[in-house]
Amino acid sequence: MRLLVARCSVSYEGRLGASLAPGVRLLLMKADGSIAVHSDAKAYKPLNWMNPPCTIIERDDAIVATNPKGESLTITLHEVLHDTSIELGIDPGLEKDGIEAELQQLLAARVAALRDDFVLVRREFPTDIGPIDILCRDGDGRAVVVEVKRVGEIAGVDQLLRYQERLDRDPQYAPTGGMLAAQQIKPQARVYAESKGVACVEIDLVRLRGDVDPDLKLF
């Protein structure tokens, strides 16, 4: 991973244009080919970014990233304040907390609890940006990406959408559907999910652990 702190301006050209006036920002360039522009605010969310696969060309005064869709991100470097590269190695992966891990295991064993026409393809389905919690096929044969959370929030919906975007590149799975499954789903996350065509399912873990049909609410 390369960490570059610089006074820079940024211009994005794609479906919509966007720009950032000159300012001091952190640029993250990862081994997966992604690039992200961060400020000292907005927590984890970058101001602008380019997902892999993309082509990155560096010049003395600029970094230009382009993707297969023809979108481009141009970072003009006015002053470089810090530039370092660190080899992170292979990541062991995120360990879910006990509740999320249990939810995932139980739902993978009983995918019909999510929807009665679901058939399990695989739990922890691998992608180049991390494993999908549960991948199913519905009664029409459509691949459905299921993201399992203890509490469903907007970040979980975004994570699900990233997995869908990756899987949609493979003709044997595209176009995918999405489902967020959680014990509790925040109202803002539900509204956001619905706007993206993602189904939301709330799970009663106690009943899911038992022999009776789990008490699920589909929104």
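Preceding this paragraph is the structure being described.
Definitions and limits used
- Residues numbered from 1 in each chain as written.
- Predicted model: local features only at pLDDT ≥ 70, side-chain atom pairs only at ≥ 80, totals over all residues.
- Heavy atoms only, no water.
- Pairing = 2+ DSSP bridges.
- Helix = DSSP H or I, 4+ residues; strand = E, 2+ residues; numbered from the N terminus.
- Salt bridge = Lys/Arg side-chain N within 4 Å of Asp/Glu carboxyl O.
- Buried < 20%, exposed > 50% of the residue type's maximum accessible area, 1.4 Å probe, protein only.
- Axes fitted to C-alpha atoms, helices over the stretch in contact; angles between N-to-C directions.
- Parallel < 35°, antiparallel > 145°, perpendicular 65-115°, else oblique.
- Contact = heavy atoms within 4.5 Å.
- Nonpolar A, V, L, I, M, F, W, Y, C, P; charged D, E, K, R; others polar.
- Expected span 1.5 Å × (residues − 1).

## Digging into the pairing of strand E1 (residues 2-13)
And step 1. The pairing of E1 with strand E7 (residues 72-85) spans twelve bridges and is antiparallel. Opposite Arg-2, over in E7, you have Ser-85 as the bridge partner.
And step 2. Pairing geometry for E1 and strand E2 (residues 18-29), over ten bridges, is antiparallel. Paired with Arg-7 across the bridge in E2 is Val-24.
And step 3. Between E1 and the antiparallel strand that follows it, E2, lie four residues.

## Section: the pattern of salt bridges
And step 1. Considering all chains together, one arrives at ten salt bridges under this definition.
And step 2. The shortest N-O distance in the salt bridge between Arg-2 and Asp-83 comes to 2.7 Å. Of the two residues, Arg-2 is situated in strand E1 and Asp-83 in strand E7; the sequence distance between them amounts to 81 residues.
And step 3. The class for Arg-2 is buried, based on a relative accessible area of 19%.

## Overview of the packing of helix H2 (residues 154-167) against helix H3 (residues 187-195)
And step 1. One can describe the packing of H2 onto H3 by two numbers: an axis separation of 8 Å at closest approach and a directional angle of 25°. Comparing their axes, H3 and H2 come out roughly parallel. On H3, the residues that touch Ile-154, Val-157, Asp-158 and Leu-161 of H2 are Gln-188, Ala-189, Tyr-192 and Ala-193.
And step 2. Class assignment of the residues belonging to the contact of H2 with H3 gives a composition of six nonpolar, one polar and one charged.

## Overview of H2
Note: α-helices contain 3.6 residues per turn, so residues at a spacing of three or four share the same orientation.
And step 1. Here H2 spans 20 Å end to end across 14 residues, near enough to the 20 Å set by a 1.5 Å rise per residue.
And step 2. When H2 is considered as a whole, its buried residues turn out to be Gly-156, Val-157, Gln-159, Leu-160, Tyr-163, Gln-164, Arg-166 and Leu-167.
And step 3. Packed against the buried residues of H2 are strand E8 (119-125), strand E9 (132-137), strand E10 (143-152), strand E11 (177-185), H3 and strand E12 (198-202).

## Section: the side chain of Thr-176
And step 1. Inspection of the secondary structure assignment puts Thr-176 in the loop between H2 and E11.
And step 2. Ignoring anything within four residues of it in the chain, the contact list for Thr-176 reads Arg-142, Ala-143, Val-145, Gln-164, Leu-167 and Asp-168.

## Looking at the sheet that holds strand E4 (residues 48-50)
And step 1. Strand order in this open sheet of seven strands is E4-E3-E2-E1-E7-E6-E5, and the pairing throughout is antiparallel. Looking along the sheet, the strands with just one partner apiece sit at the ends: E4 and strand E5 (55-58). Adjacent strand axes in the sheet meet at a mean angle of 30°, parallel and antiparallel pairs treated alike.
And step 2. The sheet contact formed by E2 and strand E3 (residues 35-38) spans four bridges and is antiparallel. Looking at E3, one finds that Leu-28 is bridged to Ala-36.

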